[in-house]
Amino acid sequence: MLFPGLAEPYDTTPVLRARLLLQPAQGRSGSKVQQTKVCTMGLFTGRKGLVLGIANERSIAWAITENLHREGAEMGFTHMPDAGDRPKNQNKVAKLVDPIGSKFLLPMDVCNDEHINAVVAKAAETFGRIDFIVHSIAFAPPADLTGPTWACSRNGFKTAMEISAYSLLAVAGAARKQNVLSSDASILTLTYFGGEEVIPGYNLMGICKAALECSVRYLASELGPEGVRVNAISAGPVKTVSAMGVGDFDDMLKLYAGISPMRRNITADEVGRTAMAMLSNLTSGITGEILHVDCGFSVMGAPPADFFTPPAQST
Ligand SMILES: NC(=O)c1ccc[n+]([C@@H]2O[C@H](COP(=O)([O-])OP(=O)(O)OC[C@H]3O[C@@H](n4cnc5c(N)ncnc54)[C@H](O)[C@@H]3O)[C@@H](O)[C@H]2O)c1
């Protein structure tokens, strides 16, 4: 039994609900009555961290944030710096994170070391040590992403690699150098199957994801002795701003729904929930892992028979 004394069976939500039976208290009539107080404690109560990569409410980083918030996490956030006077990017992210008690929101371009260092310094000032970092960032110049990999420009390649792969090393490095990671911290990034196998249309980003996944393994090896875990979630397609720039996204959704063992697409919340688990101590023995949240798409070596001949409709 998980919680001896629980009146009801433990419900399967990830929230840890402990019903504490209080000492007998004075009732209105003066008689002693048993009072039961419901004390809700989340998996992340008292845990603090950074979430990098929210652009809007469709972002995977936002789905992760919602789950972390539900479990009681305290978080600081970043947004893409705004060009000019209008704080468009800042406002979009602030609209989401302010209502959930964001501890800070700073501009950060991962191509700029000063930005990264300032964000980590703010985390140290605000939280002391941090227990998790969500890295949910990728970019490739559209002209280089949409063409074949052999046509990709030298600068496009550098930019895509710097933002989509190097940035994980840079963020983890800044946190390590500023000694801000707690002794059981968890770092999580987002990748895609196109880094393991050829997914036509994913092209340059596939090469970046291969580098990102390899970075996860090296970081896991280097930071593991300090108790810090580093993992990636390889997510199936989710309709976000970034995803719309990769190949024909609607065809991709149909492909996943037709081929995956579960015959459907994943939801952003499924990624958010898994990410929350990977960032929590529920997964304390897992590091250097690329975990697929893709309804099983990545295990299929060929499409199932019903992909070509859908089952006849029953009348
Ligand atoms: N959406 C999908 O289908 C899918 C599937 C698998 C993996 N992913 C990965 O998930 C991550 C998040 O993407 P998303 O789909 O939520 O899209 P998104 O567009 O909502 O998020 C991408 C984020 O990267 C940020 N970013 C881009 N360049 C940056 C820079 N120079 N400095 C700082 N931040 C920068 C953007 O501001 C944005 O917040 C990416 O790594 C993406 O490759 C997405």
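Located above this text is the structure these notes cover.
Residues numbered from 1 in each chain as written. Predicted model: local features only at pLDDT ≥ 70, side-chain atom pairs only at ≥ 80, totals over all residues.

Caption draft 1: How the structure looks around the overall build of the protein. Broken down by element type, the protein carries ten helices and eleven strands. In the protein, which comprises 315 residues, the proportion classed as buried is 37%. (Helix = DSSP H or I, 4+ residues; strand = E, 2+ residues; numbered from the N terminus. Buried ≥ 20, exposed ≤ 12 C-beta atoms within 10 Å, placed from the backbone.)

Caption draft 2: Here's a closer look at the site of the ligand. Around the ligand there are 26 residues in total, and Ser-59, Ala-138, Leu-190, Thr-240 and Ser-242 lie nearest to it. Among the secondary structure elements, those contributing two or more residues to the shell around the ligand are α1 (60-70), β9 (181-191) and α7 (241-244). The leading source of residues in the shell around the ligand is α7, at three residues. In the shell around the ligand, the residues fall into 19 nonpolar, six polar and one charged. (Near = placed C-beta within 6 Å. Nonpolar A, V, L, I, M, F, W, Y, C, P; charged D, E, K, R; others polar.)

Caption draft 3: The arrangement of α1 in detail. The buried fraction of α1 is high, at nine of eleven residues. For α1, the set of buried residues is Ile-60, Ala-61, Trp-62, Ala-63, Ile-64, Thr-65, Asn-67, Leu-68 and His-69. Once α1 ends, the next one or two residues include Gly-72, with phi positive near 95 degrees.

Caption draft 4: Seen up close, the pairing of strand β5 (residues 48-52). Along β5, five of the five residues are buried, which leaves the element largely enclosed by surrounding structure. Going residue by residue along β5, you find Lys-48, Leu-50 and Leu-52 tucked away on one face and Gly-49 and Val-51 tucked away on the opposite face as well. The pairing of β5 with strand β6 (residues 74-79) spans four bridges and is parallel. Residue pairing across strands places Gly-49 opposite Met-75, the latter belonging to β6. (Pairing = 2+ DSSP bridges.)

Caption draft 5: Molecular detail of the environment of Gly-201. Along the chain, Gly-201 turns up in the loop between β9 and α6 (203-223). Residue classification places Gly-201 among the partly exposed residues on the basis of 16 C-beta atoms within 10 Å.

Caption draft 6: Spotlight on the nonpolar core. Within the largest apolar cluster, 75 residues are counted, with the highest numbers of intra-cluster contacts made by Val-134 and Val-271. The biggest single contributor to this core is α6, with seven residues. In contact with Val-271, other than residues within four places in its own chain, are Ile-60, Ala-63, Ile-233, Ala-235, Val-238, Ile-266 and Val-293. (Core = buried A, V, L, I, M, F, W, Y, C linked by C-beta atoms within 7 Å. Contact = placed C-beta atoms within 7 Å.)

Caption draft 7: Focus on unusual backbone geometry. Unlike most non-glycine residues, Asn-203 shows phi in positive territory, near 40 degrees. Assignment of secondary structure puts Asn-203 in helix α6. With 24 C-beta atoms packed within 10 Å, Asn-203 lands in the buried category.

Caption draft 8: Local environment of the sheet that holds β5. With parallel pairing, the seven strands of this open sheet are ordered in space as β7-β6-β5-β8-β9-β10-β11. Each of the sheet's edge strands pairs with one partner strand only, and the pair in question is β7 (104-107) and β11 (290-293). The sheet shows a mean angle of 20 degrees between the axes of neighbouring strands, direction not considered. Relative to strand β10 (residues 229-235), β9 runs parallel, the two being bridged by six bridges. When the sheet's bridge partners are listed, Leu-190 is paired in β10 with Ile-233. Strand contacts of helix α3 (residues 113-127): β5, β6, β7 and β8 (130-135), with the helix running at about 165 degrees to β7, the strand carrying the most contacts. Sheet contacts for helix α9 (residues 268-279): β8, β9, β10 and β11; angle to β10, the most-contacted strand, approximately 165 degrees. (Axes fitted to C-alpha atoms, helices over the stretch in contact; angles between N-to-C directions.)

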